[in-house]
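For reference, the chains in residue letters:
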Amino acid sequence: MKVLVTGGSGYLGTHLRRFFKADDFSRRSFYDVLNPHDVALVGDYDVVIHLAAHADKRLVAAETCFRVNAEGTANVLQHVRPGAVFIYASTKDVYGAHADAYEFVPETCSTDYCGQTAFEWAKLVGERYVEFYAHARALRACIFRLSPVYAPPSDGNQPSFVGDYVERIQRGLPIRLPLDGTPRRDPLYVEDFARACRAFIDSNVRYGVYNLGAGPEHAATLREIVETIGRVVGREPFIERSEAEPVPRHYVADISRARAELGWAPTFTLEQGIRELVS
């Protein structure tokens, strides 16, 4: 089985590429999703895991987000060979503030516009391309709407918020927490994400959309996440209050659909994942 990871030199792609012994399609390997000649290579693969994205939420980055995250996704999909597997890494943030209506957010949560940035909106447009080309070109495809995924550090890549917390605590720098650290999140360790990709590949599902996170069992408040990191690294966190308010305030994925259809469940507790980061 030949596997290609777009964005395979990035923060998550580095680890997925190692997990699958996959090839890299990224600017660091001199490939561009907006280059028609480059994306023609996609047709040589049995599985394409599409992580490549421009993850800038500033308004000035809107045009680039739509080109890379929407048009680039369409370019890749047009070259995936019929019958191959395509896995698209989307984001929980397509739900925006609508997610606050749920204790555990299902895939049926509204994605109507409620102030999402161009990054999130472009990822949602990318989802529509996945749905269209999956059916039009007979692909096996899935969309993972990801909770924050964290991974061990890799060269030249910015960490997720969990990794950033680890670095700041190790260096004795302050961490600013909104709402006194009460917002809940369910960050997912990268190996569990890779295992979800494997579960879809090995399944009989033709097309699916799944919320993917650590789920209710492993969810924690931001303060609990920081305290867990402090305990693992053996340093007292320096916490400051932030006046910013996160959107949504709370986000914990309902992962029951992935459990039922893919037979997947997260295996890493927060503490186990953090130990992997600092080992």
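Please read all numbers here as calculations on a predicted model, not as lab measurements. (Residues numbered from 1 in each chain as written. Predicted model: local features only at pLDDT ≥ 70, side-chain atom pairs only at ≥ 80, totals over all residues. Heavy atoms only, no water.)

Q: Can you break down the sheet that holds strand 10 (residues 207-212) residue by residue, with the values?
A: Spatial ordering of the open sheet is given by 2-1-3-4-5-10, a layout of six strands whose pairing is parallel. Looking at which strands have only one partner, the edges of the open sheet turn out to be strand 2 (23-25) and strand 10. Taken pair by pair, the neighbouring strands of this sheet meet at an average axis angle of 20°, ignoring direction. Both strand 1 (residues 3-6) and strand 2 contribute to a ladder of three bridges, which runs parallel. Each bridged residue has a counterpart across the sheet, and for T6 the counterpart in strand 2 is F25. Each of strand 1, strand 2 and strand 3 (47-50) touches helix 1 (residues 13-20); the most contacted strand, strand 1, lies at about 175° to it. (Pairing = 2+ DSSP bridges. Helix = DSSP H or I, 4+ residues; strand = E, 2+ residues; numbered from the N terminus. Axes fitted to C-alpha atoms, helices over the stretch in contact; angles between N-to-C directions. Contact = heavy atoms within 4.5 Å.)

Q: Which residues make up the pattern of salt bridges, and what values do they have?
A: All told, the structure shown has 17 salt bridges when counted by the stated rule. Salt-bridge contacts for E127 lead to R128; the nearest nitrogen and oxygen are separated by 3.9 Å. Residue E127 is classed as buried on the basis of its relative accessible area, which comes to 0%. A salt bridge links D192 to R195, with the shortest nitrogen-to-oxygen separation between them at 2.9 Å. On the criterion of helical spacing, the pair formed by D192 and R195 is a turn pair, its members being three residues apart in helix 6 (residues 190-202). (Salt bridge = Lys/Arg side-chain N within 4 Å of Asp/Glu carboxyl O. Buried < 20%, exposed > 50% of the residue type's maximum accessible area, 1.4 Å probe, protein only.)

Q: Give me the nonpolar core: which residues, what numbers.
A: One finds I49, I87, F144, F193, L212 and W264 to be the most contacted residues of the largest nonpolar core, which totals 60 residues. For this core, the element with the highest residue contribution is helix 6, accounting for eight residues. In this structure F144 touches I87, Y88, A89, S90, T91, F193, A196, C197, F200, Y210, L212 and L262, once residues within four positions along its chain are discounted. Among the nonpolar cores identified, the runner-up in size contains 24 residues, and V39, A74, L77 and V80 belong to it. (Core = buried A, V, L, I, M, F, W, Y, C linked by side-chain atoms within 4.5 Å.)

Q: Got a sec to walk through the packing of helix 1 against helix 6? Specific residues and values, please.
A: Where helix 1 contacts helix 6, the axes come no closer than 10 Å and their chain directions differ by 50°. It follows from the interaxial angle that helix 1 and helix 6 lie oblique. The crossing of helix 1 and helix 6 is right-handed. Across from H15, L16, F19 and F20 in helix 1, the residues of helix 6 making contact are V190, E191, F193, A194, R195, C197, R198 and I201. When grouped by side-chain class, the residues that make up the contact of helix 1 with helix 6 number eight nonpolar, one polar and three charged. (Parallel < 35°, antiparallel > 145°, perpendicular 65-115°, else oblique. Left-handed = near helix turned anticlockwise from the far one by under 90°. Nonpolar A, V, L, I, M, F, W, Y, C, P; charged D, E, K, R; others polar.)

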